[in-house]
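Fold and geometry: a report
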Amino acid sequence: MKMSFFSRSHSSLSRAIYAVLSTTILVSACGETSKPSQLSQPIINTVNKVTAVAASLFKASDLANLPSDSSAHWLTSQLLVLPKSRNNYQYQLLSKKSAGFNAIDLLAVSFPDKLAKEFPHLADFQAYKVQLTPEQSKRWLKQQLMVVAIEAGLGLSKQAKKIAYVQTGGVIDALYTQGDNDADEVADLGATIINNRQGEGVSAVVSKTVSFKLWAPTAQAVAVQLFDDNLQAISGGRLEMVEDSHTGVWQVLSDKQASYAYYKYQLSVYHPVSQKVETLSVTDPYSLSLSVNSEYSQVVDLNDAITQPENWLNQSIPTVKNVEDNVFYEVHIRDFSANEQRLSNPKFKGKYKAFSETNSNGVQHLKTLQAAGLNNIHLLPTFDMATVNEDASKHLDIDDNLAKVCAITANISICQQAYNAEQSIKSLLQSYAVAGEQAQQLVSELRQVDNYNWGYDPFHYTVPEGSYAVNAQGVARLVEFREMIQSLHGLGFRVIMDVVYNHTHQAGLATNAVLDKIVPHYYHRLDPITGAIEQSTCCDNTATERVMMAKLMTDSLVVWARDYKIDGFRFDLMGHQPKDVMLAARAAVRQVDSDTYFYGEGWNFGEVANNKQFVQASQLELAGSEIGTFSDRLRDAVRGGGNNTRDSQGIGNGLLTFPNEKQHKEKNRRAYVLRMDQLRIGLAGNLVNFPLKVINGKKVLGKDIPYGDQPTGYALDPADTINYVSKHDNQTLWDNSQYRLAFDVSTDDRVRMHLQSLAFILFAQGIPFIHMGSEFMRSKSFLRDSYDYGDWFNRVDFSKQDNFYNIGLPPAEKDKANWPLIKQVLAGHQGRDQVNAKHIEFSSNIFTEMLTLRMSSPLFRLTSSAAIIDKVTFLNTDNEQLGLLVMKIDDSQGESVDAKLSSMMVIFNTSDKRQTFAYGSTQGYQLHPIQKNGVDEVVKQSKVTATGFTVPALSSVVFVKLRG
């Protein structure tokens, strides 16, 4: 239908036609329309000739005080949905213009099945036809949009009752990403240096131009402003950009003055937060380099030698034969060297450069672990984060003195009293009584201005974080980051990067918002009714179900893999992303790195839980994909359910074998049986179809063992499962156990129990994940969530002198409710929870031996569910011998994988006494040579007799049968 516009000063005929038009196509919430038979044919013919676009009869003042929400969802150029209503309303879609609104009437239609499946959370909404062409829709999207509910009735005396602001993510995708050669096919978003070569040979001349491209389909105008190295605007450096209406991409070409210049985009865009057109200055979401504190983007070429350390292109990158050969060691960049005493330069503390040291305790320890078989360093987020000031003069280090503290943050309590200006923060913390509250108070007061954060607060996804660089400005940080990667590769490690595409640090018009300033309310997932940005992940959730957010994630991953040689990725809260997006992203990365590996947190919660909005990248849905998910099943079986509690125990900290005073024998017996079965399934790769035992003639499979309201076994391939008992989240393994352990357990036995918990993941099928320092019994003094609580609570001692247990009550904000229990367990343990350097060295050595043992045989690293089902059996599923778990791995079953061993018997004795497992075919078995020649004198007491295997208390023992 041809469109035109009405004004409020309609002629009588125009008013009559409008009245008929209103009656004909204005629709009630029930979806009923006036019947054409009620109108004369001449009038109908007249209506068919008029337009569906008109000037609204409403003024802004008419709508200002109406009830409102954001429940209107514009899904395609011709379809909008609203919640069903019992009110007999008619609806108009309004678009803001300078003097009022344009309006079209909405006609109720059926919700197409295809769209209902694409937007399942909206499937029970009422659909309406939007009578706009795609070109008109694109123009309307640049203005404020709302749907007005109008009280039904003929004539012009209609009354607006409520308004629904329009969520536009769906229609933006429909208009700009669902055709050929449109936005998602644009390969060079951001700033790209183009080398133009003219002539041949030595006489060739190379000139440079820079292409700027920004996807901003709702913007009204966009320009680029260039800045020099001093971040001053370059004269003549404002470049007006032109929009390609097909793609929504604004673009401009610049001459060589833009090469390596800093820049920002200047946008005019309607923003729902302020409900007005804003003029905004914003960095590039496709930034590849940044100024200090990310205030300006920088134009760079990552293929340019000045962005690379020496021999970058010639480095050797380690490989693994099979995915299941991976072992991951989770490292926080600052934690690795913040407490290091043997750095060649003190400026390298907490920096990328600490990984290029040769004689530091940390690097020497990594070398030991690599020799034992560790092959992956997992780096906690190292992209540009928002919450650490990258200017060292404006943030605090634990070694800074109180003069600097009070200069930066004069209002904290220590600065309100007499203080020694030369005393360091660390020295002051050491002076406080560990039973008092002073240490946690000081750390808490300083956390906003110190140099510590885990980094789960994304600012720019594709630039290395500046606070880890000695020089954070521009290209320098890129070189330092690449030096770290190159050094880790040189040490024999693959490098995994922890990525956080599920949320941003800020949104709206906040200082650190980027995406939401450029295409407001597109990149983030909104509540279907209120329109508020969902925050179930902690912060402002992104919407990777949107095509251009998925593209941003995928393009970013490709840069990290191709240009920074990152070997794999761990995804934060991966279950908040669609499965198909994750699979497509991996396929794209495999084009530049064929042996990449993806894994992450497949938790099922929040507004997307149970596939409410899309099929999630969650534990159960990813089965068989070889995208790994962390298994909470084995974790809870080993260390007990929940946190900050003494009410439950796990197999690894005394369930039924070393019960604490809160345990009920009969109740614990039931819990013990379930936990043992969950642990067995975990040891068998967490497989759906692993046959555990037979009860009443019925085979019990992994999926039949319950884990709450879900199955324990959810994997279809061992590469689906990441086994762990601790990571950066929640308490460390050591602290978790001290909460739960019986008070009378000796220090030596606590160390053995700790190591046994680690043995469960090292001797399990699937892929082990180790929290840095677990081998040292690392403690955070019971702190539940140390993400922003500085070096004091996050220290690791690679000299193996201290595990930093009980260094003060953990910060009140996270753990005040737990202080009474912490004080209770500290008093109850009576010092038996304190380890010394000898204990730490022993623990480290045993861990290294267990890692060596795992990597000595492919029988611990079977590569298919069929191989596990063929070879792995559990021999004492009746649980008659309390504390004994016996796992046999028999290479005579199925296709042979180990040229040296024909069978292994792995026996975990979690009890307080020596036990013998009766077995009639022990001939040929012996204690594994690594344990026979190891440092654990207790394990050496293990014996093989003609009738069985004898294993000491609190020991994890491997017996092997060599091939004849």
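Residues numbered from 1 in each chain as written. Predicted model: local features only at pLDDT ≥ 70, side-chain atom pairs only at ≥ 80, totals over all residues. Heavy atoms only, no water.

1. Here we look at the pattern of salt bridges
With the rule as written, the count across this model stands at 38 salt bridges. Its salt-bridge partner being Asp-397, residue Arg-334 comes within 2.7 Å of it at the nearest N-O pair. Taken together, the positions of Arg-334 in helix α7 (residues 333-337) and Asp-397 in the loop between β21 (383-385) and α9 (402-408) put the pair 63 residues apart, joining distant regions of the chain. Among the residues examined, Arg-334 registers a relative accessible area of 3% and is labelled buried. Where Arg-752 meets Asp-936, a salt bridge forms, and the shortest distance between an N and an O atom there is 3.0 Å. With Arg-752 in helix α19 (residues 747-762) and Asp-936 in the loop between α25 (929-932) and β40 (943-945), the pair connects residues that are 184 residues apart, well separated along the chain. (Salt bridge = Lys/Arg side-chain N within 4 Å of Asp/Glu carboxyl O. Helix = DSSP H or I, 4+ residues; strand = E, 2+ residues; numbered from the N terminus. Buried < 20%, exposed > 50% of the residue type's maximum accessible area, 1.4 Å probe, protein only.)

2. What about the packing of aromatic side chains?
Scanning all chains against the criterion turns up 39 aromatic pairs. Both rings, one in Phe-336 and one in Phe-798, keep their centres 5.4 Å apart while their planes meet at 65°; by these two values the pair is edge-to-face. Pair noted here: Phe-336 is in helix α7 and Phe-798 is in the loop between α20 (790-794) and α21 (812-815), with a separation of 462 residues, a long-range link. Phe-336 gets classed as buried once you look at its relative accessible area, which sits at 2%. A relative accessible area of 6% means that Phe-798 is categorised as buried. Each member of the aromatic cluster is reached from another via a ring pair, and the members are Phe-328, Tyr-597, Tyr-599, Phe-630, Tyr-724 and Phe-769. The ring centre of Phe-743 lies 4.0 Å from the NZ or CZ of Arg-646, which sits over that ring. (Phe/Tyr/Trp six-rings, centres within 6.5 Å; stacked < 30°, edge-to-face > 60°. Lys NZ or Arg CZ within 6 Å of the ring centre and 35° of its normal.)

3. Here we look at the nonpolar core
Residues Phe-212, Trp-215 and Phe-569 are the most contacted members of the largest nonpolar core, which totals 197 residues. Cys-415, Leu-429, Leu-446 and Ile-807 belong to the second-largest nonpolar core, a separate cluster that totals 22 residues. (Core = buried A, V, L, I, M, F, W, Y, C linked by side-chain atoms within 4.5 Å.)

4. Observations concerning the sheet that holds strand β7 (residues 126-129)
The nine strands are arranged β1-β5-β4-β8-β9-β2-β3-β7-β6 in an open sheet whose pairing can be described as mixed. With partners counted over all chains shown, the strands left at the sheet margins are β1 (53-55) and β6 (107-109), one partner each. For this sheet, the mean angle separating the axes of adjacent strands, direction not counted, is 40°. (Pairing = 2+ DSSP bridges. Axes fitted to C-alpha atoms, helices over the stretch in contact; angles between N-to-C directions.)

5. Some thoughts on the state of the cysteines
Two cysteines, two sulfur atoms, one covalent bond between them: this is a disulfide. As enumerated under the stated definition, the model contains two disulfides in all. Paired through a disulfide, Cys-406 and Cys-415 show a sulfur-sulfur distance of 1.9 Å. The chirality of the disulfide connecting Cys-406 with Cys-415 is left-handed, given an S-S dihedral of about -90°. Look at Cys-415 and you get buried, because its relative accessible area is 14%. There is a disulfide in this structure between Cys-538 and Cys-539, and the S-S distance comes to 2.3 Å. Where Cys-538 bonds to Cys-539 through sulfur, the torsion about that S-S bond is close to -90°, and the disulfide is left-handed. Taking relative accessible area as the criterion, Cys-539 reaches 16% and is therefore assigned buried. Across the chain, the way the bonded cysteines pair up, counted in sequence order, is 1-2, 3-4. (Disulfide = S-S within 2.5 Å.)

6. A look at the confidence of the model for the chain
With 93% of its residues at a pLDDT of 70 or more, the chain shows a mean pLDDT of 93. Throughout residues 1-51 the model reports pLDDT below 50, and contacts reaching past four residues in sequence, or to other chains, amount to 83 contacts. (pLDDT = per-residue confidence, 0-100. Contact = heavy atoms within 4.5 Å.)

7. Digging into the sheet that holds strand β39 (residues 925-927)
The antiparallel open sheet is built from five strands, whose spatial order is β35-β36-β37-β42-β39. Two strands in the sheet have a free side with no partner beyond their single neighbour: β35 (872-874) and β39. For this sheet, the mean angle separating the axes of adjacent strands, direction not counted, is 25°. Sheet analysis places β39 next to strand β42 (residues 955-962), joined by three bridges and oriented antiparallel. What sits directly across from Gln-926, in β42, is Val-960. Packing against the sheet, helix α17 (residues 665-683) makes contact with β35, β36 (884-890) and β37 (901-909), and its axis sits at approximately 20° to β36.

8. Points about the environment of Ala-472
Summarising the element assignment, Ala-472 is placed in the loop between β22 (458-464) and α12 (475-490). For Ala-472 and Pro-768, which are 296 residues apart along the polypeptide, the C-alpha to C-alpha distance reads 34 Å. Excluding anything up to four places from it in sequence, Ala-472 contacts Leu-290, Ser-291, Val-292, Glu-390, Gly-466 and Arg-477.

9. A closer look at helix α22 (residues 819-829)
If you check which residues of α22 are buried, you get Trp-819, Leu-821, Ile-822, Val-825, Gly-828 and His-829. Close packing links the buried residues of α22 with α11 (438-446), α18 (733-740), α19 and α21.

10. So, unusual backbone geometry
Here Leu-573, not a glycine, exhibits a phi torsion of approximately 45°, which is positive. Residue placement: Leu-573 occurs in the loop between β26 (568-571) and α15 (579-590). Among the residues examined, Leu-573 registers a relative accessible area of 10% and is labelled buried. Phi at Leu-656 takes a positive value of approximately 70°, unusual for a residue other than glycine. Summarising the element assignment, Leu-656 is placed in the loop between α16 (632-639) and α17.

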